[in-house]
Amino acid sequence: MNIGIVCYASIGGSGIVATELAKQLARRGHRIHILSSDTPVRLGDYLPGLSFHRVEPPSYPLFREPQYLLSLANKIVHVARDERLDIVHAHYAIPHATAAYLARQILAASPEGGVPKIITTLHGTDITLLGGDASYKQIVAFSIEQSDGVTTVSESLKADTTRELGVHRDIRVIPNFIDVEKHRRVNADALRCQLASKGEKLVIHVSNFRPVKRVMAAVEIFASVVSRVPAKLLLVGDGPDQSHAIDLARALGIADRVVFLGEHDRLVPLLSASDVFLLPSAQESFGLAALEAMACALPVVASRVGGLSELVDDGVSGFLHPPDDLAAMAESVCRLLTDAALYRAASAAARQTAEERFKDTIVVPRYEAYYEEVLAAPAASLR
Ligand code: GMT
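Note that the structure is a prediction, hence the values are computed from the model and not measured.

Reading the values: the criteria
Numbering of residues starts from 1 in each chain and follows the order in which that chain's sequence is written. Whole-chain, interface and lining totals are the exception, using all residues; otherwise, since this is a predicted model, local features are given only for residues with pLDDT of at least 70 and side-chain atom pairs are given and counted only at 80 or more. Note that water and hydrogens are dropped before the side-chain values are worked out from all heavy atoms of the structure. Each pair of aromatic rings taken from Phe, Tyr and Trp, with Trp reduced to its six-membered ring, is defined by centres within 6.5 Å and is described as stacked if the planes are under 30 degrees apart, edge-to-face if over 60, and tilted in the remaining cases. Only runs of H or I of at least four residues qualify as helices and only runs of E of at least two qualify as strands under DSSP, and these elements are numbered from the N terminus. Between buried and exposed lies partly exposed: a residue is buried under 20% and exposed over 50% of the maximum accessible area for its type, with that area taken using a 1.4 Å probe on protein chains only. Pairing between strands is defined by DSSP: at least two bridges between the two strands are required. In what follows, a contact means two residues having at least one pair of non-hydrogen atoms within 4.5 Å. Every axis in this analysis is a line fitted to C-alpha atoms, fitted for helices over the stretch in contact. Angles between the N-to-C directions lie between 0 and 180 degrees.

Draft legend 1. Structural context of the packing of aromatic side chains. Applying the stated criterion to the full structure yields six aromatic pairs. Their ring planes at 25 degrees and their centres at 6.3 Å tell us that Y8 and Y68 sit as a pair that is stacked. Of this pair, Y8 sits in the loop between strand 1 (2-6) and helix 1 (13-27) while Y68 sits in helix 2 (residues 68-83), and the two are 60 residues apart along the sequence. Ring centres 5.6 Å apart and planes at 80 degrees place the aromatic pair F286 and F358 in the edge-to-face group. Separated by 72 residues along the polypeptide, F286 in the loop between strand 11 (276-279) and helix 11 (288-295) and F358 in the loop between helix 14 (340-357) and helix 15 (360-376) bring together distant segments of the chain. What makes F286 buried here is its relative accessible area of 4%. Feature note: the residues Y8, Y68 and Y92 constitute an aromatic cluster, connected by ring pairs.

Draft legend 2. Up close: the sheet that holds strand 3 (residues 50-54). The seven strands are arranged 3-2-1-4-5-6-7 in an open sheet whose pairing can be described as parallel. Both edges of this open sheet fall to strand 3 and strand 7 (172-173), since each of them pairs with a single strand only. With five bridges joining them, strand 1 and strand 2 (residues 31-36) adopt parallel strand pairing. Looking across to strand 2, one finds that I5 is bridged to I34. Helix 6 (residues 155-165) contacts strand 5 (117-122), strand 6 (149-152) and strand 7 of the sheet and is inclined by roughly 125 degrees relative to strand 6.

Draft legend 3. Spotlight on the sheet that holds strand 13 (residues 318-321). Spatial ordering of the open sheet is given by 10-9-8-11-12-13, a layout of six strands whose pairing is parallel. Every interior strand has two partners, whereas the edge strands, strand 10 (258-262) and strand 13, have only one. On average, adjacent strands in this sheet sit at an angle of 20 degrees to one another, irrespective of strand direction. Note: strand 11 against strand 12 (residues 300-303), three bridges, orientation parallel. Following the sheet pairing, L278 is matched in strand 12 by V301. Contacting strand 8 (201-206), strand 11 and strand 12, helix 11 crosses the sheet at an angle of about 175 degrees to strand 11.

Draft legend 4. Focus on unusual backbone geometry. Along the chain, I94 connects to P95 via a cis peptide bond; the corresponding omega equals -15 degrees. Even without a glycine there, the phi angle at Y92 is positive, about 85 degrees. Within the secondary structure, Y92 sits in the loop between strand 4 (87-91) and helix 3 (96-108). Y92 sits in the buried class, given a relative accessible area of 11%. Positive phi, close to 65 degrees, is recorded for A297, a residue that is not glycine. Structurally, the position occupied by A297 is in the loop between helix 11 and strand 12. For A297, a relative accessible area of 10% corresponds to the buried category.

Structure below.
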């Protein structure tokens, strides 16, 4: 198949999933065209069958903001014509599903023919934070209804989409996935010695430090942990709450125990050097960062929100608690750090979950099968 994949290039779950999907599909013999405003962080080296098309909204003094939606729609039209795309797969509804819809309308009106099918994958905040906002709701709901196929990354997000947007169409749940060969625990003893003193445990949190991730809650939970167990907290990522988290660590008197590492693309060594993954998010439609940690055999302590309970088996591969119960999360982290038998079992279960339920070779064929199904069905605009 000839497939256009539209995604964000920044570090963020939806862009990572889209790029990893693109690479897997190219390896499986499809012609893949990534359309994005910049080179996606996980694109990596040249891969036969995979090409990148930059979307560049021109600046013009009259425009106070770049016209990304229009440039993207225009780019989709060009790529669809030149490369004879069968499918445009838009990752994240805003504004990618809308741009794909616009492009399809333009192509359908053209005498040249060749109209690709549109599939939209909803990732989470496009529905749970932004989609229901009055500034976007109508157009997001419309763009989802108009897509030829729609997927969500969890059952929870599917339910949110129906509830928040009043969308009552078929939605296929295809979870996020991971390359379990590349993401596996490696020997990171040397790195661990640099990050922690002898006898100290390592708790790690990875995110984009947006309010929804509750980095400050991670620092508070850790303050309680470190009063009982010698440990350090690794904070990986960057974003709006970074300086607040630094201030809080100082205010709690644990600044020397909290290590801010900034953004890192190569997470496997850091995860392999760590003991527990902490994710006290306010909302999480799936929790790709937690899956990456689990593939490296890290038990997860997280909020019981969104799709996290579809990923983490509470009491087996980690522990889930109500987002405001920081004391319970701290208690679970301490239990994992101090009970060797519990830790071994949870660590093995975390890896097993990644291998048995979220392995790329299990999940990517589900996208291929869905593409075939959508291609065989009548176009959404004709239904
Ligand atoms: O919030 C983020 O981490 C970024 C965001 C995105 O779309 O880039 O993540 C969402 O999509 C990820 C990939 O499907 C999911 O794993 C995350 O759970 C989801 N984030 C939220 O729901 C808050």
